[in-house]
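Next come the chains, spelled out residue by residue.
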Amino acid sequence: MKYHLVTLGCAKNTVDSMRLEQALRTGRHTAVTAPEEADLLLVNTCGFIDAAKDESVAVVRALDAARRADQRLYVVGCMTQIAEDEVRAAVPNVDATFGVEHWDEIAASIGAASETYDIPAVALPVFGAPSAYLKISDGCDRPCTFCIIPTIKGAMHSAPVSRLLAEARMYAAAGAKELVLVAQDSTAYLEDAGGRDGLAALLEELSAGVPEVPWIRLMYAYPGRVTARLAEAMAALPNVVPYLDMPLQHGSEAVLRRMKRPTLAHSHRSIETVRRAIPEVTLRSTFIVGFPGETEAEFRDLLRFVEEQRIDHVGAFTYSPQAGTPAASGPDQVPEPVKQERYGRLMTLAQGISHASNRGQVGREVDVLIESREPGRSASGGEMVIGRTVRDAPEVDGLALVKGAYQMGSMVRVRVDGALPYDLLCTPVTIPVTPTPGALARP
Ligand code: SF4
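Throughout what follows, the structure given in this document is the object of discussion. Just so it is clear, the model here is predicted, and its values are computed rather than measured.

A word on the overall build of the protein. A tally of regular secondary structure across the protein gives 12 helices and 19 strands. Computed over the C-alpha atoms, the radius of gyration of the protein is 22 Å, within 12% of the 22 Å expected from 2.2 N^0.38 for a compact globule of 443 residues. For the C-alpha atoms alone, the extent of the protein along its principal axes is close to 60 × 60 × 50 Å. Classification of the 443 residues of the protein by burial places 55% in the buried group. Taking as baseline every contact in the protein between residues at least 6 positions apart, the subset at least 24 positions apart corresponds to 73%. About 18,400 Å² of surface is accessible on the protein, with carbon and sulfur atoms providing 54% of the total. Both charge centroids of the protein, one from 45 positive and one from 55 negative side chains, sit 3 Å from each other.

To characterise two packed helices, one gives the angle between the axes of the helices and the distance between these axes. One way to put it is that helix α7 (residues 198–209) packs onto helix α8 (residues 228–236) with a least axis distance of 8 Å and a crossing angle of 15°. Of the possible angle classes, the one that applies to α7 and α8 is roughly parallel. Both α7 and α8 take part in a crossing whose hand is left-handed. From α7, Leu-199, Ala-200, Ala-201, Leu-203 and Glu-204 reach across to α8, where they touch Arg-229, Leu-230, Ala-233 and Met-234.

Right, let's get into the pairing of strand β1 (residues 2–7). In terms of strand pairing, β1 meets strand β2 (residues 30–31) through two bridges, oriented parallel. Bridging across to β2, Tyr-3 finds its partner in Ala-31. Taken together, the five bridges between β1 and strand β3 (residues 40–45) define a ladder with parallel strand orientation. For Thr-7, the partnering residue across the bridge sits in β3 and is Asn-44.

Here the distance between the centres and the angle between the planes together describe a pair of aromatic rings. Inspection of the entire model under this criterion finds four aromatic pairs. Seen in terms of ring centroids, Tyr-74 and Phe-98 are 5.7 Å apart; in terms of plane orientation they differ by 40°. Their pairing is tilted. Here Tyr-74 is found in strand β4 (residues 72–77), whereas its partner Phe-98 is found in strand β5 (residues 96–98), with 24 residues between them in sequence. Residues Tyr-74 and Phe-98 agree in their burial class; the two are buried. On the numbers, 6.4 Å between centres and 85° between planes, the contact of Phe-146 with Phe-291 is edge-to-face. Note that Phe-146 is positioned in the loop between β7 (137–138) and α5 (149–153) and Phe-291 in the loop between β12 (282–289) and α11 (296–309), a separation of 145 residues in sequence. Neither Phe-146 nor Phe-291 differs from the other in exposure class; each is buried. Clustering of aromatic rings is evident, with ring pairs tying together Phe-146, Phe-291 and Tyr-319. If you follow Arg-142 out to its NZ or CZ, it ends over the ring of Tyr-222, 4.2 Å from the centre. Above the plane of the ring of Tyr-243 lies Arg-217, whose end atom (NZ or CZ) is 4.5 Å from the centre.

This part is about the sheet that holds β5. Pairing within the open sheet is parallel, and its five strands lie in the order β2-β1-β3-β4-β5. Two strands bound the open sheet, and with one partner strand each, they are β2 and β5. Contacting β1, β3 and β4, helix α2 (residues 50–66) runs over the sheet at an angle of about 175° to β3. In the packing of helix α3 (residues 78–90) onto the sheet, contacts are made with β3, β4 and β5, and the angle to β4 comes to roughly 130°.

The six strands are arranged β6-β9-β10-β11-β12-β13 in an open sheet whose pairing can be described as parallel. Pairing within the sheet leaves two strands with one partner each, and these edge strands are β6 (131–135) and β13 (313–318). Between one strand and the next, the sheet's axes are offset by a mean angle of 20°, whatever the strand orientation. As judged from the six bridges shared by β12 and β13, these two strands associate in the parallel manner. For Ser-285, the partnering residue across the bridge sits in β13 and is Val-314. Helix-sheet contacts for α8 involve β10 (215–218) and β11 (240–245), and the interaxial angle to β11 is about 140°. Against the sheet, helix α12 (residues 336–359) engages β12 and β13, with an angle of about 175° to β13.

With that settled, consider the nonpolar core. Of all hydrophobic cores here, the largest spans 69 residues; its most connected members are Leu-179, Leu-181, Leu-203, Leu-244, Val-306 and Leu-346. With near-sequence residues (within four places) excluded, Leu-346 lies in contact with Phe-287, Val-289, Phe-299, Leu-302, Leu-303, Val-306 and Ala-316. Val-57, Val-75, Met-79 and Val-94 belong to the second largest nonpolar core, which has 16 residues in total.

A positive phi angle is found at Gln-249, which is not glycine, with a value near 70°. Tracing the backbone through its elements, the reader meets Gln-249 in the loop between β11 and α9 (253–259). With a phi angle near 50°, Arg-310 is a residue other than glycine that sits in the positive phi range. Tracing the sequence through the fold places Arg-310 in the loop between α11 and β13.

With that settled, the discussion passes to helix α10 (residues 264–277). The end-to-end C-alpha distance of α10, which contains 14 residues, comes to 20 Å, matching closely the 20 Å that a straight helix rising 1.5 Å per residue would cover. Buried within α10 are the following residues: Leu-264, Ser-267, Ser-270, Ile-271, Thr-273 and Val-274. Looking at the buried positions of α10, the neighbouring elements they touch are α8, β11, α9, β12 and α11.

Analysis parameters
- Residues numbered from 1 in each chain as written.
- Predicted model: local features only at pLDDT ≥ 70, side-chain atom pairs only at ≥ 80, totals over all residues.
- Heavy atoms only, no water.
- Helix = DSSP H or I, 4+ residues; strand = E, 2+ residues; numbered from the N terminus.
- Rg over C-alpha atoms; globule rule 2.2 N^0.38 Å.
- Buried < 20%, exposed > 50% of the residue type's maximum accessible area, 1.4 Å probe, protein only.
- Contact = heavy atoms within 4.5 Å.
- Areas by Shrake-Rupley, 256 points an atom, 1.4 Å probe, with all protein chains shown as cover.
- Lys, Arg positive; Asp, Glu negative; His and termini not counted.
- Charge placed at Lys NZ, Arg CZ, Asp CG, Glu CD.
- Axes fitted to C-alpha atoms, helices over the stretch in contact; angles between N-to-C directions.
- Parallel < 35°, antiparallel > 145°, perpendicular 65-115°, else oblique.
- Left-handed = near helix turned anticlockwise from the far one by under 90°.
- Pairing = 2+ DSSP bridges.
- Phe/Tyr/Trp six-rings, centres within 6.5 Å; stacked < 30°, edge-to-face > 60°.
- Lys NZ or Arg CZ within 6 Å of the ring centre and 35° of its normal.
- Core = buried A, V, L, I, M, F, W, Y, C linked by side-chain atoms within 4.5 Å.
- Expected span 1.5 Å × (residues − 1).

None of this, on its own, says anything about what the molecule does.
So this is what it looks like as structure tokens:
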């Protein structure tokens, strides 16, 4: 059967879609890029906030409206897990709905032979970029009052080290140059099995298991849980990049308390721990603006925190109530215009810090992982490709703009000539090391 899969939402959902594709391909089903060529239309939805639900419904509606009578339409993932009735009400003709992690059931429902979650020994690579995501655990046990994830995904459960190693080796064999470790809370890895410092041990296993992958990147650390053991492992392992993403959510003690998040002392301690072990570390964090009851003084605490800590990459969201969470029904909801105004102030500050951090790179020689499929043209007419340095994670951080034409997946040594607020302008300094032709998976 031919299937067309649309993936919405975050990087973790992208990994879920890769698992779904593995189940489908194991059942000998084939992906097609044009929906009209498919026998089965699949939408892996996001239900994290209302805007994401609206987008999910809009995509399902559009596919439903355009499909032929003989095409099946399945809606799966986060939104169907928590709000299947809303999907059904909006698009009554959907043929089937599945919640999260039912990938093998989906494959089985269309006659697939897949019977296991384990990665098949000769699974086909299902990614088309030089970076691949490894979802090391799913679910979450934290009590954050704004978040619906624990309701959607349930308790935290870690993937076995052996499976992650097999998955990493599969991506390495397919030409991946970067593995990005994701989870709801990566620092809790293996705690469900009673382990301590499971993440540090996993990094050591991965580093040794796929030494040919030059970049292993860690996302979604939890404040207060970055131990000295973890930071020292990151510092010591040659292919674990000096980069840490740690969502801190706010810089006001009172707001953090209302969010049921770790205290500011935990945030400070984790930042100090990682900077002590890796002085050149690049830090990324995300913050929520306009949480219920956020006063102007509390918002300024957030600005002060971001300024003092010089967080290299800041992502911000205006608070969006999620039905079923304690904060959604709380008093003192912040008016939308106030949220937007504060968001603008935070991002202006963050942009200045990012720009200064980028200026500090000018004159340095660094490696850039090329992500462009085809070269483009710069304003002056010369060829140019896009990539990233170790300081930038895929999809969420800045880019490196490199003069010349290089194959996707090349690691190119460049000199940084200029700094934009988020991106770097670079000139190659060596002949590029290109991968073996055909070594990179292409969709
Ligand atoms: S740690 Fe992250 S996923 Fe878990 S409840 Fe808090 S915000 Fe949600």
